[in-house]
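As a plain string of letters, each chain reads:
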Amino acid sequence: MSHVSRRRGLSALALTGALAFGFAACGGDDSGSGDDDDSPISIGTSLPLTGEFSQPGQAAEQGYKIWQDMVNDGGGLLGRDVELVVKDDASNQNTIVADYNALIGQDKVDLLLGTFSSLLNLPASAVAEKNQMLYVEPAGGSPEMFSRGFQYLFFAQQATADRQGLVFADWVANLPEDQRPKTAAYPTLDDPFASPVVEGAKAALEEAGVETVYEETYAIDTKNFDTIVSAMKNANPDLVFHGAQFEDGIGMTRSMLKADFTPDMFFETNAPSFGDQYSEGVGADNTEGVFFAVSHSPDADTPGNAEFVQAYEDEFGGLPPEDAADAYAAGQVLQAAVEAVGSIDDQEALADWLRENEVETILGPLSWEDTGAPTGEFLIGQWQGGKAEIVLPEDASTAEIKPGWTPGGAG
Amino acid sequence: MTELLQTLLLGLLLGGVYALAASGLTLIFGVMRVINIAHGAFLILGAFVTYWLWDAFGLDPLLGVVLTTPIVFGVGWITYKLVVSPVRTAPMASTVLLTFGLALVLEGAMGEIWGNNSTAIRPSYADESFTFGGLFLPKAQVYGGLIAVVVLVLLWLVLTKTWLGRAIRAAATNPASAELVGIKVASVAALVFGIGIAAAGAGGAITGVLYPFVPGSHYQWIARLLAIVVLGGLGSLNGAVLGALMFGVAETLTSAYVSPAWATAVPYAIVFAVLLIRPQGLLGTRLREDAVAA
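Source: prediction; values computed, not measured. (Residues numbered from 1 in each chain as written. Chains lettered and ligands numbered in written order. Predicted model: local features only at pLDDT ≥ 70, side-chain atom pairs only at ≥ 80, totals over all residues.)

### Remarks on the overall build of chain A
The secondary structure content of chain A amounts to twelve helices and 14 strands. Over its C-alpha trace chain A gives a radius of gyration of 23 Å, about what one expects of a compact globule, namely 22 Å for 411 residues. Counting only C-alpha atoms, chain A reaches 70 × 65 × 40 Å along its principal axes. In chain A, which comprises 411 residues, the share counted as buried stands at 53%. Across chain A, every contact between residues at least 6 apart in sequence was considered, and the portion connecting residues at least 24 apart equals 72%. (Helix = DSSP H or I, 4+ residues; strand = E, 2+ residues; numbered from the N terminus. Rg over C-alpha atoms; globule rule 2.2 N^0.38 Å. Buried ≥ 20, exposed ≤ 12 C-beta atoms within 10 Å, placed from the backbone. Contact = placed C-beta atoms within 7 Å.)

Structure, rendered in structure tokens:
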């Protein structure tokens, strides 16, 4: 008897679960049917608002929202309002595929915008490509993205990940002999974005005669960096070039401080571009001299940048993080293509237009190869006096470059 | 030699914190046969409560354990009464499903209250170390390890030297007979659930100081903690401690001598290997049900 009821209980539970998921999948509004000229243009995206990548995901949502508001305040897109449909993929590669399929199949959005990190853009862009929809992504600079022969994919930053550290590597290579680091360590997160940055920079630095004394990749669920730091400390490099996302960037830096391991130069991808969130994570006086590659500067005099920075401050307070600016720029790229083509019906025409034209964004002018990979170069930032400055290239710099990392605790 | 010693010490310190976090999970299973998938979420809750006390009142996060633990105990006890108690005797599949749902609810609630941004607790000593003979021991890790030992010893004393502990062990070994001699198994279960969650909360206070966290970090913790208690033997407190220390040392040794890329994978391989030889885990006991199932 009890056996039967238990089994029935279990089936009921399973059924409830299945129904709940079913309803969740059916949910969402049927906003953008498209043809009516007065109805808003719906633009779908799925962002990592929760989970491991919630940091960039939330910043991207802010950037998209500001773009939406500014477009609508300025009379809309092709005279119609823009309406974002944002889903949360919880930083999960499976969820994001389901989300983009739902955006296209159920929500029937008119246009798509990309998500954050290469890890999530890889599967998401494949869904867009299969459905022949334009996919402008604000992140996702892994070279892997552009080796798949996609027709609808465009990356709205200056360069792919493998080129992100090159400006810095060139600067190091051209330093006078007595200032140039002799040895370097390359700890890297196993991530399709972070790894190519490190590989690109390492190749350039080795060619310049900087010897590699430590090189290791760690998994995304690594919490404890003490052992990695202990090994790096034994290798005693002059330069640490760290391929990181956000949390591991903070974790590694804090472990380095704990071990009193402060190399002469410290370059880290991603984390230092997060403004206040970064300096709170590692301690403001420990940021002095940290290098990073960055796509956006709040101080840049690119067209529309001042208005964007102001709008961000009005709505969310503080300076916009890089990821919010990238998302805004992705919106600008999409907007430029739609306005130039004059219609949203032919996604192929939008993609063709982007392949042949340059777009002015708050990141500066962007243009693309046939693969959708951008053709520019990144900016190099450095923390100085508790503030992120642009130090390279010289024509975009906001401050003089300083060679060393001098954290407060160990300086 | 110095490197080996350094690696072992870092591994033991890491294992100590794992032990505290895993102790509650194994305790709850031991008494209730409930696999609490929400354990990692309660750990992160402990970290957020600690962050809140530190941020709002300037309370030292590690000393704050004396406040964090009772707060999280309260949350655990109420959760048990409201949510877990009705399904306590239901098949394991139901409780796994229920506690998984609980983890998702907690994650959402923490995101709503504290936001989904990465949070770091940095007291003044967070980036400092004790150094001697070429070795370094991060201060926060040493203090955290000591607190873990103190809490675990207290837990062990309660379990072995008090009437409450005797009641808990009786309820775990034979609930029906325990009822016959006047032990209210349902009340004991509520208390054990609270204590188990409080241990997770204390662990969360320490890990919050050591590593940055977001509400979604609990997935990584529950995977580790489940592996640790299975390695040690489900339901065995000593087993959980042993499993946790092995797990911590395996992680740091792999990171130092094989590659950091394997550091989070090798401990799971060890779990597989141990289970092939001892399916009940290192210190687990074989139950009659297991023999029948085999």
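From this point, the narrative continues.
### Comments concerning the domain arrangement of chain A
Residues and elements named next belong to chain A. In terms of domain boundaries, chain A breaks down into domain 1 (41–159 + 301–366) and domain 2 (162–298 + 379–396). Computed over C-alpha atoms, the centres of domain 1 and domain 2 are 28 Å apart. Each partner contributes residues to the interface: domain 1 has 22 residues there, and domain 2 has 17 residues. When contributions to the side of domain 1 that touches domain 2 are tallied by element, the ones reaching two or more residues are helix H4 (118–130) and helix H11 (322–341). Of the residues belonging to the side of domain 1 that touches domain 2, the class tally is eleven nonpolar, eight polar and three charged. (Domains from an automatic or database assignment. Nonpolar A, V, L, I, M, F, W, Y, C, P; charged D, E, K, R; others polar.)

### A word on the sheet that holds strand S1 (residues 41–47) of chain A
Residue and element names in this part refer to chain A. An order of S2-S1-S3-S4-S5 is seen for the five strands of this open sheet, with the pairing classed as parallel. Edge strands, defined here as strands with exactly one partner in the open sheet, are strand S2 (82–88) and strand S5 (153–155). Along the sheet, successive strands turn relative to each other by an average axial angle of 25 degrees, direction set aside. Relative to strand S4 (residues 135–137), strand S3 (residues 111–113) runs parallel, the two sharing two bridges. From the neighbouring strand, Leu 113 faces S4, where its bridge partner is Val 136. (Pairing = 2+ DSSP bridges. Axes fitted to C-alpha atoms, helices over the stretch in contact; angles between N-to-C directions.)

### So, helix H9 (residues 218–232) of chain B
Residue and element names in this part refer to chain B. A rise of 1.5 Å per residue sets the reference length of H9, with its 15 residues, at 21 Å; its end C-alpha atoms lie 21 Å apart and thus fit the reference within 8%. Counting buried positions over the 15 residues of H9 gives twelve, a clear majority of the element. Within the sequence span of H9, burial applies to His 218, Trp 221, Ile 222, Arg 224, Leu 225, Leu 226, Ala 227, Ile 228, Val 229, Val 230, Leu 231 and Gly 232. Taken together, the buried residues of H9 touch helix H1 (2–32), helix H2 (39–57), helix H4 (92–114), helix H10 (237–257) and helix H11 (266–277). Gly 233 sits one or two positions beyond H9 and adopts a positive phi of about 110 degrees. (Expected span 1.5 Å × (residues − 1).)

### A few points about the packing of helix H7 (residues 226–235) of chain A against H10(B)
One way to put it is that H7(A) packs onto H10(B) with a least axis distance of 9 Å and a crossing angle of 30 degrees. By the angle class used here, H7(A) and H10(B) are roughly parallel. In this structure, H7(A) meets H10(B) at a crossing whose hand is right-handed. Of the residues in H10(B), those in contact with Thr227(A), Ile228(A) and Ala231(A) of H7(A) are Thr252(B), Ser255(B) and Ala256(B). Taken together, the residues that form the contact of H7(A) with H10(B) break down as three nonpolar, three polar and no charged. (Parallel < 35°, antiparallel > 145°, perpendicular 65-115°, else oblique. Left-handed = near helix turned anticlockwise from the far one by under 90°.)

### So, the packing of H11(A) against helix H12 (residues 347–356) of chain A
To describe two helices that pack against each other, one gives the angle between their axes and the distance between the axes. Residue and element names in this part refer to chain A. Two elements in contact, H11 and H12, have axes separated by 9 Å at closest approach and are oriented at 110 degrees. Taken together, the axes of H11 and H12 lie roughly perpendicular to each other. For the pair formed by H11 and H12, the contact residues are Val 333, Ala 337, Val 338, Ala 340 and Val 341 on the first element and Ala 349, Leu 350, Trp 353 and Leu 354 on the second. Split into classes, the residues belonging to the contact of H11 with H12 amount to nine nonpolar, no polar and no charged.

### Let's talk about the nonpolar core
Ala19(B), Ala22(B), Val31(B), Val192(B), Ile228(B) and Val229(B) are the most contacted members of the largest nonpolar core, which totals 153 residues. Per-element tally for this core: the top contributor is helix H8 (residues 185–210) of chain B, with 17 residues. Dropping the residues within four chain positions of it, Val31(B) is found in contact with Ile168(B), Ala171(B), Ala172(B), Val188(B), Ala189(B) and Val192(B). By size, the runner-up hydrophobic cluster in this structure holds 63 residues, among which are Ile43(A), Tyr100(A), Tyr152(A) and Trp368(A). (Core = buried A, V, L, I, M, F, W, Y, C linked by C-beta atoms within 7 Å.)

### Some points on the pairing of S2(A)
Residue and element names in this part refer to chain A. As paired strands, S1 and S2 are joined by seven bridges and run parallel to one another. Its bridge partner being in S2, Ile 43 is matched across the sheet by Leu 84. Taken together, S1, helix H2 (residues 54–73) and S2 constitute a β-α-β crossover, and its handedness is right-handed. (Right-handed = clockwise from strand over helix to strand, strands pointing away.)

### Here we look at the interface of chain B and chain A
Listed by partner, the interface residues are 37 residues for chain B and 41 residues for chain A. Elements supplying a minimum of two residues to the side of chain B that touches chain A: H1, H4, strand S2 (135–138) and H10 of chain B. Among the elements that line the side of chain B that touches chain A, the one with the most residues is H1(B), at five residues. Of the residues that constitute the side of chain B that touches chain A, the class distribution is 18 nonpolar, 14 polar and five charged.

### Here's the deal with the pairing of strand S8 (residues 239–242) of chain A
Working note: regular strand, side chains alternate between the two faces of the sheet. All names here are of chain A. Both faces of S8 are covered, namely the face carrying Leu 239 and Phe 241 and the face carrying Val 240 and His 242. With two bridges joining them, strand S6 (residues 183–189) and S8 adopt parallel strand pairing. Counted as the bridge partner of Ala 185 is Val 240 from S8. Pairing geometry for S8 and strand S9 (residues 265–268), over four bridges, is parallel. Bridging across to S9, His 242 finds its partner in Glu 268. With helix H8 (residues 247–258) bridging S8 and its parallel neighbour S9, the resulting β-α-β unit is right-handed.

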